[in-house]
Amino acid sequence: MRRRTRFGTGLAAIALLAGCQQVSSAIAPTSAARATLEVNLRFARRVQSVMPYSQADVKHLQIEVFAVSGSTETPVGETVDLLPAAFSDPVTLSGLRSNTLYRLRAYAYASSDTSRLISNTVDGSSVDVAVTDDDAPTITNLPVRLVGTAKPTVSTFPADFGGPVGLAFDASGNLFVASALDDTIRKITPAGAVSTFAGTGISGADAGIGITASFNTPTELAFDASGNLYVADYLNDEIRAISPAGVVTTFAGSTTSGSADGTGAAAGFSHPAGLAFDANGNLFVADQANNEIRKI
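Remember, predicted model here, so these are calculated numbers, not experimental data.

As for the confidence of the model for the chain
Looking at the chain as a whole, the pLDDT averages 77, with 73% of positions reaching at least 70. Looking at the elements of the chain, mean pLDDT is at its lowest for strand 1 (residues 12–19), recorded as 31, and at its highest for strand 15 (residues 229–233), recorded as 97.

Following this line, the structure appears as structure tokens:
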């Protein structure tokens, strides 16, 4: 039995009408009797568009049948697979027993296979059909509740940035931005307040505190476990470090382009463009113009 995951809200419906006229009158009203249930699919009926999905997004429909006893569902027969061309065709479910409650469960996919499930199979995509002593199943509808996830809302911070290219969050949820063309590191609080965390806005390589320090096209940011912010200072060919208090120093490299290994300023970089820490605190650098990955 497939695992069922709770999705968002939003309702679309596929009308499944269980027609009793298809049930053989020769079947005796016993629990062992077999009944045939015809389900008429009218896919265009009662289907509502639900963001981000609509009827047109459903490329594959599955119907599974379960015998229900208390809280137990037991699969019955094979899964019915339907592609769009068959959405209006009747489906016959045979081999059902009288005096049995069946649950028809629908699965809608946005792909011809089963890779993109877009229906809520927990509380909105099933219906119970009772096959009674007279073999007349209940006439009802089988809804299909599509995933009703709203499209994301895009907003713009009310501040100017010059070529923002690198982003990193600190442990407090502040967002730091490498504003490459401004030669600054900007800070955006969770409340949306924007300020300059470091950099004068004039190209340079000076160490200092906050806005007294300078950068030359900072492109990438990464935090270590202690809250220090590291900057790939692209045209300075350096890796800069900024403490939580805003003190800016040169961590590795010099303003002279190179590829030498070494400690601190003895190492050389040529246009460092990417930074990432591993779980052990090692800093990896995408040394772009050298076509190398460096480890610090």
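Digging into the nonpolar core
In terms of nonpolar packing, the biggest core is built from 21 residues, with L61, Y102, L104 and A108 touching the most fellow members. Within the residue set of this core, elements represented by two or more residues are strand 3 (60–69), strand 4 (72–82), strand 5 (90–97), strand 6 (100–109) and strand 7 (126–131). By size, the runner-up hydrophobic cluster in this structure holds 14 residues, among which are I185, L221, L229 and V248.

Quick word on the sheet that holds strand 16 (residues 238–242)
Read from one edge of the open sheet, 5 strands run 13-17-16-15-14, paired in antiparallel fashion. Both outer strands of the open sheet, strand 13 (208–209) and strand 14 (218–223), are each paired with one neighbouring strand and no more.

Side note on the pattern of salt bridges
On inspection of all chains with the given rule, the structure shows 7 salt bridges. Between R294 and D261 there is a salt bridge; the shortest N-O distance is 3.0 Å. Remark: D261 occurs in the loop between strand 17 (247–253) and strand 18 (272–277) and R294 occurs in strand 20 (residues 292–295); sequence separation between them is 33 residues. For R294, the salt bridge identified is with E292, shortest N-O distance 3.9 Å. Taking the relative accessible area as the measure of exposure, R294 reaches 8% and is therefore buried. Here the salt bridges do not stand alone but share partners, grouping D261, D287, E292 and R294 into one network.

Details of the environment of A265
If you trace the backbone, A265 turns up in the loop between strand 17 and strand 18. We classify A265 as exposed; its relative accessible area is 59%. The sequence separation of A265 and I239 amounts to 26 residues, and the corresponding C-alpha distance is 9.7 Å. With near-sequence residues (within four places) excluded, A265 lies in contact with G253 and S254.

Let's talk about the sheet that holds strand 18
Read from one edge to the other, the open sheet built from 3 strands follows the order 18-19-20, with strand pairing classed as antiparallel. This sheet does not close on itself; its edge strands, each paired only once, are strand 18 and strand 20. Pairs of neighbouring strands in the sheet enclose a mean axial angle of 25°, with direction left out of account. Direction of pairing for strand 19 (residues 283–287) relative to strand 20: antiparallel, over a ladder of 4 bridges. Bridge pairing in strand 20 links F284 to K295.

Structural notes on the environment of N280
Tracing the chain through its elements places N280 in the loop between strand 18 and strand 19. For N280, a relative accessible area of 69% puts it in the exposed group. C-alpha of N280 to C-alpha of A225: the two residues are 55 residues apart in sequence and 9.6 Å apart in space.

A short note on the packing of aromatic side chains
This model, assessed by the stated rule, comprises 4 aromatic pairs. Between F176 and F197 the ring centres are 5.0 Å apart and the planes differ by 75°, which places this aromatic pair in the edge-to-face class. One end of the pair, F176, is in strand 10 (residues 175–179); the other, F197, is in strand 12 (residues 194–198), and 21 residues separate them in sequence. Residues F176 and F197 agree in their burial class; the two are buried. Where Y230 meets F251, the ring centres are 5.0 Å apart and the plane angle is 75°; that geometry is what we call edge-to-face. Of this pair, Y230 sits in strand 15 while F251 sits in strand 17, and the two are 21 residues apart along the sequence. Classification of Y230 as buried rests on a relative accessible area of 9%. Exposure remark for F251: the relative accessible area of 34% places this residue in the partly exposed category. Here the aromatic cluster, defined as three or more aromatic residues joined through ring pairs, consists of F176, F197 and F223.

Let's talk about unusual backbone geometry
Even without a glycine there, the phi angle at D237 is positive, about 60°. Topologically, D237 is positioned in the loop between strand 15 and strand 16. Phi at H271 is positive, roughly 60°, even though this residue is not glycine. Locating H271 in the fold gives a position in the loop between strand 17 and strand 18.

What counts and how
Residues numbered from 1 in each chain as written. Predicted model: local features only at pLDDT ≥ 70, side-chain atom pairs only at ≥ 80, totals over all residues. Heavy atoms only, no water. pLDDT = per-residue confidence, 0-100. Helix = DSSP H or I, 4+ residues; strand = E, 2+ residues; numbered from the N terminus. Core = buried A, V, L, I, M, F, W, Y, C linked by side-chain atoms within 4.5 Å. Buried < 20%, exposed > 50% of the residue type's maximum accessible area, 1.4 Å probe, protein only. Pairing = 2+ DSSP bridges. Salt bridge = Lys/Arg side-chain N within 4 Å of Asp/Glu carboxyl O. Contact = heavy atoms within 4.5 Å. Axes fitted to C-alpha atoms, helices over the stretch in contact; angles between N-to-C directions. Phe/Tyr/Trp six-rings, centres within 6.5 Å; stacked < 30°, edge-to-face > 60°.

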